[in-house]
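Structural characterization, general
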Amino acid sequence: MTRLTGNATRVTVFVGESDTWHHRPLCSEIVHRARAAGLAGASVFKGIEGFGASSVIHTSRLLSLSEDLPVAVVIVDTEERVRAFLPQLDELVTEGLVILDDCEVIRYVGREGGRVASGTQGEKPS
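Owing to the predicted nature of the structure, the values given are computational and were not obtained by experimental measurement. (Residues numbered from 1 in each chain as written. Predicted model: local features only at pLDDT ≥ 70, side-chain atom pairs only at ≥ 80, totals over all residues. Heavy atoms only, no water.)

1. Focus on the overall build of the protein
- Within the protein, the regular secondary structure consists of two helices and eight strands.
- When the helices and strands of the protein are read in sequence order from the N terminus, they spell out β-β-β-α-β-β-β-β-α-β.
- Every one of the 126 residues in the protein was classed for burial, and the buried ones make up 27%.
- Taking all contacts inside the protein whose residues are at least 6 apart in sequence as the whole, residues at least 24 apart take part in 73%. (Helix = DSSP H or I, 4+ residues; strand = E, 2+ residues; numbered from the N terminus. Buried < 20%, exposed > 50% of the residue type's maximum accessible area, 1.4 Å probe, protein only. Contact = heavy atoms within 4.5 Å.)

If you want it as structure tokens, here you go:
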């Protein structure tokens, strides 16, 4: 398990939920690549409304536009590890926004016994 405390870097990737990479949701590809790269963690957050460089508003309130709601993938790790991961994001994100922020990790604790959520890879509880 990665230990992470103190100064860190957060990368946030804003894409659309219908964006794909080789027929797989782009946000899922980013999360799986972050895990494979050994980064401390990644989470995906679905937005309810937003617009980007194209200035098209995507909202859950209009059925015709609710198919491509905004999605944010947030990854936090040391600056060195996050910057080493940026070339992969450059390859994956052809439309969207990638931002970096300095942050401070106050607490980073995993589950006891190595339990993992259903549908993820890892050790089974003993």
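2. Concerning a nonpolar patch on the surface
- Residues Phe14, Leu97 and Ile99 make up a contiguous nonpolar surface patch of about 230 Å² in total accessible area.
- With respect to the helices and strands, the residue Phe14 is situated in strand S1 (residues 6-16). (Patch = residues over 30% accessible without salt bridge, like charges linked within 9 Å, V, L, I, M, F, W, Y side chains within 5 Å. Areas by Shrake-Rupley, 256 points an atom, 1.4 Å probe, with all protein chains shown as cover. Salt bridge = Lys/Arg side-chain N within 4 Å of Asp/Glu carboxyl O.)

3. Re the packing of helix H1 (residues 26-36) against helix H2 (residues 79-92)
- Axis separation between H1 and H2 bottoms out at 11 Å; the angle between their running directions is 160 degrees. Classified by the interaxial angle, the pair formed by H1 and H2 is roughly antiparallel. Crossing handedness for the pair H1 and H2: right-handed. In this structure, H1 uses Leu26, Glu29, Ile30, Arg33 and Ala34 to contact H2, whose residues at the interface are Phe85, Gln88, Leu89, Glu91 and Leu92.
- In the contact of H1 with H2, the residues fall into six nonpolar, one polar and three charged. (Axes fitted to C-alpha atoms, helices over the stretch in contact; angles between N-to-C directions. Parallel < 35°, antiparallel > 145°, perpendicular 65-115°, else oblique. Left-handed = near helix turned anticlockwise from the far one by under 90°. Nonpolar A, V, L, I, M, F, W, Y, C, P; charged D, E, K, R; others polar.)

4. So, the layout of surface pockets
- For the second largest pocket, the calculated volume is near 450 Å³.
- Lining the second largest pocket are 17 residues, and of these Val15, Gly16, Gly52, Ala53 and Gly96 lie nearest its centre.
- When residues of the lining of the second largest pocket are traced back to their parent elements, those giving at least two are S1 and strand S7 (70-77).
- Among the residues making up the lining of the second largest pocket, the classes are represented as eight nonpolar, six polar and three charged. (1 Å grid on protein atoms, 1.4 Å probe; cavity = no way out; pocket = protein on both sides within 12 Å on 5 of 7 lines; lining within 4 Å. Points joined across faces, edges and corners; volume = space filled by probe spheres on them.)

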